[in-house]
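Chain by chain, the residues run as shown.
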Amino acid sequence: MTDTQIKALLDKQRAYYNSGATIPVEFRIRQLKRLYAAIKDHQAEINAALTRDLGKSAYEGFMCESGLVLSEISYMIRHTRRFSKRKTVYTPLAQFASRSFVQPIPYGNTLIMSPWNYPFLLAMDPLTNAIAAGNTAIVKPSAYSPATSQIVASIISQCFDPEYVAVVTGGREENTALLAQPFDFIFFTGSQAVGRDVLRHAAEHLTPCVLELGGKSPCIVDESANIKLAARRIVFGKYLNCGQTCVAPDYILCHHSVKDRLLTEVQKQIALQFGDEPLKNPDYSKIINEKHFTRLCSLIDPEKVVVGGQICPDTLQIAPTVMDNVTAEDAVMGQEIFGPILPVLTFDCFEQMVEKLKDHDKPLALYLFSGDKKHIRRVTRELSYGGGCINDVVIHLATSEMGFGGVGASGMGAYHGKRGFDAFCHHKSIVDKKTWLDLPMRYQPYKSRLYESLLHIFLR
């Protein structure tokens, strides 16, 4: 799509939004129900697209993508009426007689840019929030997942007129053309490098943004942890989608006294969950493309591999891999891995380890396996990170009852459920002042002793 076509599309969406068509709550709920039905009807095509792009099985595709979208849509159908209502707030006596309230209003014309690793979930989830909040939307899916981008475009075109919700496919040229337009709000999920570029473009129009980025999310295992259970859950979360998950445990930080036991259990769990030959497992995913496959292969140090390490260039697969004796200087620790490689580092003193983590970039997720309440309290209260789990991994994002988002280098803003609705709204503060009383104290000339007395009362 050319720059001119993109501008014309946004102009149509702006005119449609300005008509007030998206504002009625009943209209929004009808659109959400229409989207829900279409996703259910196209479940087989969605699964097939995810298999083509990422090698995901139908079960994983539903569990981690379309099923979560259906859950979010269902949640918003049930709650949009309540979320959209104005909320009366306390009015100070000095504003007598009046009523104060906060009214959520849509931002207007929104842009949603989604990534390739969860290409259906991360396009449709924010779109659900945008629709519930009363916006129009242009969805820009990733060019790296073309099959899923096509089914996203097909479902959206079936459900909505383009002046309401539209899809723009393509690559960098389309991204640049979209970011040059004066949207009212931008929602971006992707890498930190591209996130910075999105923010720079948004600054040109003073456009508010939510950025869902990533980072090196640590997984801490202390000496009080249930090692067998920790290994089982870490293996699940790390190698889900072949490690291409923004909240996957990026590396393990374990107490030196439990490292050998943990490595043994991790090896057992890899075999139990993926088989003795994971690359022959039909349910094991693949790397998205050759570029990322080559990058990941360069991070593997064969001398430090204790589990896995096998690769298949023909299928772009890397077996679940564990590296031991890793240091901060190793290449695998120099960037977010975003693949099925799990470095293991150790610590001797929990307190010192926590202090060192405070100097790192704030990660999107952090996980702690521990039975020590003091350790749990310290990590949850003192360390800054987007979100996480105690004695589990990844599952904190699979709920509409909590917001999901990053902090610092891992992003800004949050969505899911009420937080998602709020992300796509401006909460307008309004005072409705009555006309039957107009106290003269605020007007010049300021000579009233009564005014001075009231000022003293209210400011003391």
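Here the structure is shown first, and the text comes after it.
Keep in mind that this is a model prediction, so the values were computed, not measured. (Residues numbered from 1 in each chain as written. Predicted model: local features only at pLDDT ≥ 70, side-chain atom pairs only at ≥ 80, totals over all residues. Heavy atoms only, no water.)

**Description of the overall build of the chain**
Then, in step 1: A tally of helices and strands in the chain yields 15 helices and 20 strands.
Then, in step 2: Based on the C-alpha atoms only, the size of the chain along its principal axes is roughly 85 × 55 × 35 Å.
Then, in step 3: Sorting the 460 residues of the chain into buried and exposed places 53% on the buried side.
Then, in step 4: For the chain, the share of sequence-separated contacts (at least 6 apart) that also reach a separation of at least 24 residues comes to 72%.
Then, in step 5: Surface summary for the chain: the accessible area is close to 21,400 Å², and the carbon and sulfur share equals 53%.
Then, in step 6: Taken as two groups, the 51 positive and 47 negative side-chain charges of the chain have centres that lie 11 Å from each other. (Helix = DSSP H or I, 4+ residues; strand = E, 2+ residues; numbered from the N terminus. Buried < 20%, exposed > 50% of the residue type's maximum accessible area, 1.4 Å probe, protein only. Contact = heavy atoms within 4.5 Å. Areas by Shrake-Rupley, 256 points an atom, 1.4 Å probe, with all protein chains shown as cover. Lys, Arg positive; Asp, Glu negative; His and termini not counted. Charge placed at Lys NZ, Arg CZ, Asp CG, Glu CD.)

**Remarks on helix α11 (residues 290–299)**
Then, in step 1: By the burial criterion, the buried members of α11 are H292, F293, L296 and L299. Here the buried residues of α11 occupy an arc of 120° about the axis, which is enough to place them on one side. Those residues of α11 that are exposed and aimed more than 90 degrees away from the buried face are E290, K291 and S298.
Then, in step 2: As for α11, its buried residues are in contact with β11 (311–312), β12 (317–318), β13 (321–323) and β14 (341–347).
Then, in step 3: Capping the start of α11, N289 holds a side-chain oxygen 3.3 Å from the backbone nitrogen of K291, two or three residues further along. (Arc of directions from axis to C-beta. Polar contact = N/O pair within 3.5 Å; in protein donor to acceptor, adjacent residues only side chain to side chain.)

**Some thoughts on the sheet that holds strand β8 (residues 218–221)**
Then, in step 1: Read across the sheet, seven strands follow the order β10-β13-β14-β9-β8-β15-β16 without closing on themselves; strand pairing throughout is mixed. Strand pairing shows two members of the sheet lacking a second neighbour, β10 (305–307) and β16 (387–390), which therefore form its edges. When strand polarity is set aside, the average angle formed by the axes of neighbouring strands in this sheet is 25°.
Then, in step 2: Of the strands in this sheet, β15 (365–369) and β16 touch helix α13 (residues 373–382), which is tilted by about 175° from β15. (Pairing = 2+ DSSP bridges. Axes fitted to C-alpha atoms, helices over the stretch in contact; angles between N-to-C directions.)

**A few points about a nonpolar patch on the surface**
Then, in step 1: Residues L93, F96 and W436 make up a contiguous nonpolar surface patch of roughly 390 Å² in combined accessible area.
Then, in step 2: Locating W436 in the fold gives a position in the loop between β20 (425–433) and α15 (449–459).
Then, in step 3: W436 gets classed as exposed once you look at its relative accessible area, which sits at 61%. (Patch = residues over 30% accessible without salt bridge, like charges linked within 9 Å, V, L, I, M, F, W, Y side chains within 5 Å. Salt bridge = Lys/Arg side-chain N within 4 Å of Asp/Glu carboxyl O.)

**Quick notes on the nonpolar core**
Then, in step 1: If you look at the biggest cluster of nonpolar residues, it comprises 116 residues, and the most contacted ones within it are L35, L127, I155 and V221.
Then, in step 2: Per-element accounting of this core gives the leading share, nine residues, to helix α5 (residues 121–133).
Then, in step 3: With sequence-adjacent residues up to four places away left out, L127 is seen in contact with L35, I112, A137, V139, I156 and V165.
Then, in step 4: Formed by 19 residues, the second largest nonpolar core is a distinct cluster that contains L111, A177, L179 and I186. (Core = buried A, V, L, I, M, F, W, Y, C linked by side-chain atoms within 4.5 Å.)

**As for empty space enclosed by the protein**
In this approach, a probe sized like a water molecule rolls over the atoms, and the result shows the empty space that is left.
Then, in step 1: Evaluated as defined, the whole model comprises one cavity of 30 Å³ or more.
Then, in step 2: Of the pockets and cavities examined, the largest cavity occupies roughly 50 Å³.
Then, in step 3: Taken together, G215, K238, G243, T245, C246, A248, P249, D250, E336, I337, F338 and G339 make up the full set of residues lining the largest cavity.
Then, in step 4: Along the lines of polarity and charge, the residues of the lining of the largest cavity split into five nonpolar, four polar and three charged. (1 Å grid on protein atoms, 1.4 Å probe; cavity = no way out; pocket = protein on both sides within 12 Å on 5 of 7 lines; lining within 4 Å. Points joined across faces, edges and corners; volume = space filled by probe spheres on them. Nonpolar A, V, L, I, M, F, W, Y, C, P; charged D, E, K, R; others polar.)

**Concerning the environment of L9**
Then, in step 1: Structurally, L9 is set in helix α1 (residues 3–18).
Then, in step 2: Given a relative accessible area of 11%, L9 falls into the buried group.
Then, in step 3: In sequence terms L9 and Y164 are 155 residues apart; their C-alpha atoms lie 9.7 Å from each other.
Then, in step 4: Sequence-distant contacts of L9, defined by excluding residues within four places in its chain, comprise M1, I138, P162, A166 and V168.

**Here's the deal with the pattern of salt bridges**
Then, in step 1: Tallied over the entire structure, the rule returns 16 salt bridges.
Then, in step 2: Between E355 and R378 there is a salt bridge, and its shortest N-O distance comes to 2.5 Å. You can see E355 sitting in helix α12 (residues 350–357) and its partner R378 sitting in helix α13, a full 23 residues away along the chain.
Then, in step 3: Judged by relative accessible area, R378 falls into the buried class, the value being 19%.
Then, in step 4: What emerges from the salt-bridge pattern is a single network uniting E355, K358, R378 and E382.

**Description of the packing of aromatic side chains**
Each aromatic ring pair is described using two quantities: the centre-to-centre distance and the angle formed by the ring planes.
Then, in step 1: Tallying each qualifying case throughout the model produces 15 aromatic pairs.
Then, in step 2: Judged by centre distance (4.7 Å) and plane angle (80°), the rings of F187 and Y415 are edge-to-face. Here F187 is found in strand β6 (residues 185–189), whereas its partner Y415 is found in strand β19 (residues 414–415), with 228 residues between them in sequence.
Then, in step 3: Y415 gets classed as buried once you look at its relative accessible area, which sits at 2%.
Then, in step 4: In textbook terms, an aromatic cluster arises when at least three aromatic residues are bridged by ring pairs, as seen for Y107, F185, F187, F404, Y415 and F424.
Then, in step 5: If you follow R86 out to its NZ or CZ, it ends over the ring of F101, 4.0 Å from the centre.
Then, in step 6: It is K418 that lies over the ring of F83; its NZ or CZ is 5.7 Å from the centre. (Phe/Tyr/Trp six-rings, centres within 6.5 Å; stacked < 30°, edge-to-face > 60°. Lys NZ or Arg CZ within 6 Å of the ring centre and 35° of its normal.)

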